[in-house]
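# Summary of the model geometry
The residues making up each chain are set out below.
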Amino acid sequence: MLKPVVCDVAIIGAGSAGLPAYHAAKATGAKVVLIEAGAGGTTCARYGCMPSKLILAAARAARDAKAAEMFGVRVEERTIDGKAVMARVRRERDRFVQSVLEELDAIPPTDRLHGRARFAGPDTLTVDDHTLITARAVVIATGARPVVPEDLAETCQERVVTHETIFDMETLPRSLAVIGAGPLGLELALAFVRLGVKTTVFDEGDTIGAVADPVVAEVVADQMKRELGLELGVKVQAKRKADGDILLHWTEAGGQARRSTFEFVLVATGRTPALDGLDLNLAGLDCDEDGVPVFDPDTLRCGRSNIFIAGDANDDRPVLHEASLQGELAGRNAVHLPKLEKRAPMPQMAVVYSDPDIATVGPGWDEEMAKGWIVGCSDDVGRARVDGRPSGLFRVYAGAKDGVLLGGELFGPDVEHLAHLLAWAIQLKMTAKAVLALPFYHPTMEESFRTALRDLADQQKP
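## Points about the overall build of the protein chain
- Each helix and strand counted, the protein chain has 12 helices and 22 strands in total.
- Taken over the C-alpha atoms alone, the protein chain extends approximately 70 × 70 × 45 Å along its principal axes.
- By the burial criterion, 50% of the 462 residues in the protein chain qualify as buried.
- A separation of at least 24 residues holds for 64% of the contacts in the protein chain among residues at least 6 apart in sequence.
- Looking at the protein chain as shown, the accessible area adds up to about 22000 Å², and 51% of this sits on carbon and sulfur atoms.
- Across the protein chain, the 52 positively charged side chains and the 66 negatively charged ones have centroids separated by 2 Å.

Printed below as a string of structure tokens:
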């Protein structure tokens, strides 16, 4: 017998979108039920942002020790203890996860259910075999999971890892093949190669770190090839060897067949919304070809239903701050339906922590749209030279007619900070000239941003 529960809002998933959705709905005084099938802890804390930055921090320390000689500092013995590296990653990761679990535990038990939710109708959910929920509105916030090609999963079995399993390694691998040159693959590849792991990145495409601007992409590729083995525009085939290692075969652009052996294969080819098992067909929703409910990106409402979808589950802007904002919006709209609040317009921003970092702000490079743009450039960063770091290249875009800032693609030291400045300026609809009226202190990385803005201002019509 299923226990009946009636509520105003049922939220499926207690992660980066689900928790904010719960708090936003609960703040209105609504009766809310939060359903979680897994261990909780959010993708960011358990598998994503935080553990990846922890291993990148270890890699930065190793690289800095190696590069110290350029400053006249000699490190007599530089050793990397793989077990100690991974132990710290897990230890600190678990601290971040625990803080999220504490937030989850603080939610009243009457508002929490553990189990797998499935739609039994547009306003009805079952949770495992113990609860039947009738809700006035539902928020889907189930997140996403890694995509692993079947041939790799079957051939390589436990030697295939993803961002959800690689941080549980007891020590550093001898060698690592990374399938996917996107942001996640690039970050982890650089972390492991800087920690002394033989690492090669493979991708069927020809872009690195999702950089679209061809001028910036060329500089990124040149810098990354100095550290990484890069095999772009190739498709790999895998074979398990008798000793357990993985033999990869691929063909280069010129037709030359290549092969190499790796201890592990990291699959970083993307994530897909975790929607299977929800029985969405019983919710009466229209779905796209990938099985994601069709929804309004401004309100997060699925069609004309009482169902909302937020965070990585909708595959719109799969980054933490967007998931959190979407969760809050979905929670409020679920309560106030049919009166709906629209998402506040703000520029997209994505950062690859590749050190030098990559950041895309706004729509990103588009060949057709660029015909109506002016582009400001900067490739000389004095502070970077002082620190012995690559200057990189910054390209900032503005409207040719009004000079209002639109976006940019940035590659260089600490551009996460410059990307924030650019995103704020875009949000405020500022021109390059207006931003240049603000103070830029010396010597800072921000001065390179000023150089790009000056280039833009020189092109802006009076």
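## Focus on the layout of surface pockets
- Roughly 360 Å³ of volume is contained in the second largest pocket.
- What lines the second largest pocket is a set of 17 residues, among which Arg 63, Asp 64, Ala 67, Gly 388 and Arg 389 lie closest to the centre.
- Broken down by class, the residue content of the lining of the second largest pocket amounts to seven nonpolar, two polar and eight charged.

## Description of the sheet that holds strand β21 (residues 393–399)
- Pairing is antiparallel across the open sheet formed by five strands, whose spatial order is β18-β19-β22-β21-β20. Taken across any chain shown, the strands that pair with only one partner, and hence form the sheet edges, are β18 (349–352) and β20 (373–378). For this sheet, the mean inter-axis angle between neighbouring strands, taken without regard to orientation, is 10°.
- Relative to strand β19 (residues 357–361), β18 runs antiparallel, the two being bridged by four bridges. Within β19, the residue paired with Ala 350 across the bridge is Thr 360.
- Relative to β20, helix α12 (residues 446–459) is tilted by about 145°, and along the sheet it contacts β20, β21 and β22 (405–412).

## Observations regarding the pattern of salt bridges
- On inspection of all chains with the given rule, the structure shows 26 salt bridges.
- Arg 93 is paired through a salt bridge with Asp 94; the nearest N and O atoms lie 3.1 Å apart.
- Asp 94 sits in the partly exposed class, given a relative accessible area of 40%.
- With a shortest N-O distance of 3.0 Å, Arg 93 and Asp 168 are connected by a salt bridge. Note that Arg 93 is positioned in helix α4 (residues 82–105) and Asp 168 in the loop between β8 (160–161) and β9 (175–179), a separation of 75 residues in sequence.
- Overall, the relative accessible area of 9% leaves Arg 93 in the buried class.

## Side note on the environment of Gly 407
- If you trace the backbone, Gly 407 turns up in strand β22.
- Residue classification places Gly 407 among the buried residues on the basis of a relative accessible area of 0%.
- Remark: the alpha-carbon pair of Gly 407 and Met 224, spanning 183 residues in sequence, is separated by 24 Å.

## Observations concerning the environment of Pro 214
- As for its placement among the helices and strands, Pro 214 is situated in helix α7 (residues 214–224).
- Judged by relative accessible area, which is 44%, Pro 214 ranks as partly exposed.
- Residues Pro 214 and Trp 365, 151 residues apart in the sequence, show an inter-C-alpha distance of 8.3 Å.

## Comments concerning the packing of helix α1 (residues 18–26) against helix α8 (residues 320–336)
- Where α1 meets α8, the closest approach of the two axes is 7 Å, and the angle between their N-to-C directions is 35°. Where α1 crosses over α8, the two elements pack in a sense that is right-handed. Of the residues in α8, those touching α1 at Pro 20, Ala 21, Ala 24 and Ala 25 are Ser 324, Gly 327, Glu 328, Gly 331, Arg 332 and Val 335.
- Classifying every residue of the contact of α1 with α8 by side-chain character gives five nonpolar, three polar and two charged.

## Re the packing of helix α3 (residues 49–67) against helix α6 (residues 183–194)
- Viewed as axis vectors pointing N to C, α3 and α6 meet at an angle of 40°, and their least axial separation amounts to 8 Å. Classed by the angle they form, the pair α3 and α6 counts as oblique. Judged by the twist between their axes, the crossing of α3 over α6 is left-handed. Counting all contacts with α3, which are made through Ser 52, Lys 53, Ile 55, Leu 56, Ala 59, Ala 62 and Arg 63, the residues of α6 involved are Glu 187, Leu 188, Ala 191, Phe 192 and Arg 194.
- Class assignment for the residues of the contact of α3 with α6 results in seven nonpolar, one polar and four charged.

## Examining the nonpolar core
- Grouped together as the largest cluster of nonpolar side chains are 54 residues, with contacts concentrated most on Phe 119, Ile 133 and Ile 140.
- What Phe 119 contacts, discounting residues up to four positions off in sequence, is Ile 12, Thr 124, Leu 125, Val 138, Ile 140, Leu 278, Asp 279, Leu 280, Leu 282, Ala 283 and Ile 307.
- The next biggest cluster of nonpolar side chains, apart from the first, holds 39 residues, and it includes Leu 176, Val 197, Ala 221 and Val 352.

## With respect to the environment of Asp 379
- Inspection of the secondary structure puts Asp 379 in the loop between β20 and α9 (382–386).
- A relative accessible area of 53% places Asp 379 in the exposed class.
- Ignoring any residue separated from it by four or fewer positions in sequence, one finds Asp 379 in contact with Ser 391, Gly 392 and Leu 393.

## Here we look at the confidence of the model for the protein chain
- Per-residue confidence for the protein chain gives a mean pLDDT of 92, with 100% of residues at or over 70.
- Of all the helices and strands in the protein chain, helix α2 (residues 43–46) carries the lowest mean pLDDT, 80, while strand β17 (residues 307–309) carries the highest, 98.

## A few points about α7
- Looking at α7, one finds that the buried residues are Val 216, Val 220, Ala 221, Gln 223 and Met 224. Looking straight down α7, one finds its buried side chains confined to an arc of 165°; they lie on one side.
- Where α7 is buried, its residues contact α6, β11 (229–232), β19, β21 and β22.
- Between the side-chain oxygen of the N-cap and the backbone nitrogen of Val 215 there are 2.9 Å, and the N-cap of α7 in question is Asp 213.

## Some points on the side chain of Glu 322
- Relative to the helices and strands, Glu 322 is located in helix α8.
- Those residues within four positions of Glu 322 in sequence are excluded, and the remaining contacts are Arg 317, Arg 343 and Met 346.

## So, the sheet that holds β9
- Sheet architecture is open: five strands sit in the order β8-β15-β9-β10-β11, paired in parallel fashion. The strands lining the two open edges of the sheet, one partner per strand, are β8 and β11.
- In the sheet, β8 pairs with strand β15 (residues 264–267) via two bridges, with the strands oriented parallel. Residue pairing in the sheet places Val 160 in a bridge with Val 265 of β15.
- Relative to the sheet, α6 contacts β9, β10 (198–203) and β15, its axis offset from that of β10 by approximately 165°.

About the thresholds
Residues numbered from 1 in each chain as written. Predicted model: local features only at pLDDT ≥ 70, side-chain atom pairs only at ≥ 80, totals over all residues. Heavy atoms only, no water. Helix = DSSP H or I, 4+ residues; strand = E, 2+ residues; numbered from the N terminus. Buried < 20%, exposed > 50% of the residue type's maximum accessible area, 1.4 Å probe, protein only. Contact = heavy atoms within 4.5 Å. Areas by Shrake-Rupley, 256 points an atom, 1.4 Å probe, with all protein chains shown as cover. Lys, Arg positive; Asp, Glu negative; His and termini not counted. Charge placed at Lys NZ, Arg CZ, Asp CG, Glu CD. 1 Å grid on protein atoms, 1.4 Å probe; cavity = no way out; pocket = protein on both sides within 12 Å on 5 of 7 lines; lining within 4 Å. Points joined across faces, edges and corners; volume = space filled by probe spheres on them. Nonpolar A, V, L, I, M, F, W, Y, C, P; charged D, E, K, R; others polar. Pairing = 2+ DSSP bridges. Axes fitted to C-alpha atoms, helices over the stretch in contact; angles between N-to-C directions. Salt bridge = Lys/Arg side-chain N within 4 Å of Asp/Glu carboxyl O. Left-handed = near helix turned anticlockwise from the far one by under 90°. Parallel < 35°, antiparallel > 145°, perpendicular 65-115°, else oblique. Core = buried A, V, L, I, M, F, W, Y, C linked by side-chain atoms within 4.5 Å. pLDDT = per-residue confidence, 0-100. Arc of directions from axis to C-beta. Polar contact = N/O pair within 3.5 Å; in protein donor to acceptor, adjacent residues only side chain to side chain.

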